[in-house]
Amino acid sequence: MPPRTRLSDGPVPKHVQLREALAGRVRTLGPDDAIPSERELMTAYDVSRATVRRAIEGLIADGVLHRIQGKGTFVTRPRVQSHLHLASFTQDMRRRGLTPSTRLVGISLEELPGEVAGDLRLEAGVPAWLVQRVRLADDEPMAFERAWHPADLLPGLDQRDLTGSLYDVFAHEYSLTVDTAEQTAWADQAQSAARHLGVSTTAPVMIFDRLSRSGDRPIERVRSWYRGDRYQVHMTLDRTMTP
């Protein structure tokens, strides 16, 4: 790749100049396109390997590039931005112009663990549905979900089509509308969700823990692991003045 900007010996450090030049070049590339190797950049811009690495590391920190060990450095896919609101994954992705799909990992009747039983207002050990799914956007894994649902509210759930919106299934098949929810979010490493998301176990993810209700009855306790390189959250904040 020929240099798009000649690097000068002025007051701006060369790694900053190179970072800006590479950022401009990246804008002409597509997601997952590779950038030139460190050696090619050293030759093209007549700079040291240390300068090249500082420029690239800066763009990685900005989320513009990502490195795959042994393969090279690539343009990062744009993150999907979500406004915090009560909606299914299917609705959320469609609003962003992406095609949602779902891969069902499994559904089974399991003994409800104690840490979930209280949230669903059930006794620990009673049968409940455990539903595990991978959610995709434009055929790329976006999230892994592990959800518990009361079996008494949803008989025959394992006979339903669970490759779309569960909220639609609840509404159309059981006349149960999810109308309120409480959600907590935090950042962590992918760990056990990594194999479902196609990332390393140490890859960053956003975790959402949601308790959803239909009327006054809890209907869902779900934990979702979202890929940190593909998903971000937007919040509008309003300062409320009090006396």
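Check the entry above for the structure.
What counts, and at which threshold
Residues numbered from 1 in each chain as written. Predicted model: local features only at pLDDT ≥ 70, side-chain atom pairs only at ≥ 80, totals over all residues. Heavy atoms only, no water. Helix = DSSP H or I, 4+ residues; strand = E, 2+ residues; numbered from the N terminus. Buried < 20%, exposed > 50% of the residue type's maximum accessible area, 1.4 Å probe, protein only. Contact = heavy atoms within 4.5 Å. Areas by Shrake-Rupley, 256 points an atom, 1.4 Å probe, with all protein chains shown as cover. Pairing = 2+ DSSP bridges. Axes fitted to C-alpha atoms, helices over the stretch in contact; angles between N-to-C directions. Parallel < 35°, antiparallel > 145°, perpendicular 65-115°, else oblique. Left-handed = near helix turned anticlockwise from the far one by under 90°. Nonpolar A, V, L, I, M, F, W, Y, C, P; charged D, E, K, R; others polar. Core = buried A, V, L, I, M, F, W, Y, C linked by side-chain atoms within 4.5 Å. 1 Å grid on protein atoms, 1.4 Å probe; cavity = no way out; pocket = protein on both sides within 12 Å on 5 of 7 lines; lining within 4 Å. Points joined across faces, edges and corners; volume = space filled by probe spheres on them.

**What to know about the overall build of the chain**
Working step 1: Along the backbone of the chain there are seven helices and 10 strands.
Working step 2: For the chain, the proportion of its 243 residues judged to be buried stands at 41%.
Working step 3: Long-range pairs, those at least 24 residues apart, make up 58% of the contacts in the chain with a sequence separation of at least 6.
Working step 4: Surface accessibility of the chain: about 13,700 Å² in total, with carbon and sulfur atoms responsible for 48%.

**What to know about the environment of L7**
Working step 1: Among the structural elements, L7 can be located in the segment before helix 1 (14-26).
Working step 2: Since its relative accessible area comes to 17%, L7 is described here as buried.
Working step 3: For the pair formed by L7 and A21, sequence separation is 14 residues and the distance between their alpha carbons is 9.2 Å.

**Observations regarding the pairing of strand 1 (residues 65-68)**
Working step 1: Inspection of the sheet shows strand 1 paired to strand 2 (residues 72-75) by four bridges, in the antiparallel sense. Bridged to L65 within strand 2 is V75.

**Overview of the packing of helix 2 (residues 38-45) against helix 3 (residues 49-61)**
Working step 1: Look at helix 2 against helix 3: their axes get within 9 Å of each other, and the N-to-C directions meet at 110°. With respect to helix 3, the element helix 2 is oriented roughly perpendicular. You can see that helix 2 and helix 3 cross each other, and the crossing is right-handed. Each of E38, R39, L41 and M42 in helix 2 lies in contact with helix 3, whose residues at this interface are R49, V52, R53 and I56.
Working step 2: Partitioning the contact of helix 2 with helix 3 into residue classes produces four nonpolar, no polar and four charged.

**Focus: the nonpolar core**
Nonpolar side chains tend toward joint burial in soluble globular proteins.
Working step 1: L18, L22, Y45, I56 and L65 are the most contacted members of the largest nonpolar core, which has 17 residues in total.
Working step 2: Looking at this core, the elements with two or more residues in it are helix 1, helix 2 and helix 3.
Working step 3: The biggest single contributor to this core is helix 1, with five residues.
Working step 4: Core analysis: the next-biggest nonpolar cluster, separate from the first, contains 14 residues, A151, L162, L176 and V178 among them.

**Here's the deal with the layout of surface pockets**
Working step 1: Taken as a whole, the largest pocket spans an internal volume of roughly 600 Å³.
Working step 2: Put simply, the parts of the chain that give the lining of the largest pocket at least two residues each are strand 1 and strand 8 (204-214).
Working step 3: Tallying contributions element by element places strand 1 first for the lining of the largest pocket, with four residues.
Working step 4: For the lining of the largest pocket, a count of residues per class yields seven nonpolar, seven polar and eight charged.
Working step 5: When its volume is computed, the second largest pocket comes out at roughly 190 Å³.
Working step 6: Forming the walls of the second largest pocket are P113, E115, V116, R146, W148, D209, R221, V222, R223 and W225.
Working step 7: Along the lines of polarity and charge, the residues of the lining of the second largest pocket split into five nonpolar, no polar and five charged.

**A short note on the side chain of R213**
Working step 1: Mapped onto the elements of the fold, R213 is located in strand 8.
Working step 2: Using a relative accessible area of 17% as the deciding quantity, one classes R213 as buried.
Working step 3: Those residues in contact with R213, other than ones at most four positions away along the chain, are T177, V178, D179, T180, E182, P218 and I219.

**Considering the pairing of strand 9 (residues 217-227)**
Working step 1: Taken across its 11 residues, strand 9 has nine buried, putting it largely inside the fold.
Working step 2: In this sheet, strand 9 lies alongside strand 6 (residues 140-150) in antiparallel orientation, the contact comprising six bridges. Along strand 9, the bridge assignment pairs E145 with S224.
Working step 3: Taken together, the 10 bridges between strand 8 and strand 9 define a ladder with antiparallel strand orientation. The residue of strand 9 that forms the bridge with S212 is E220.
Working step 4: Two successive antiparallel strands, strand 8 and strand 9, enclose a turn made up of two residues, where G215 displays a positive phi of approximately 65°.

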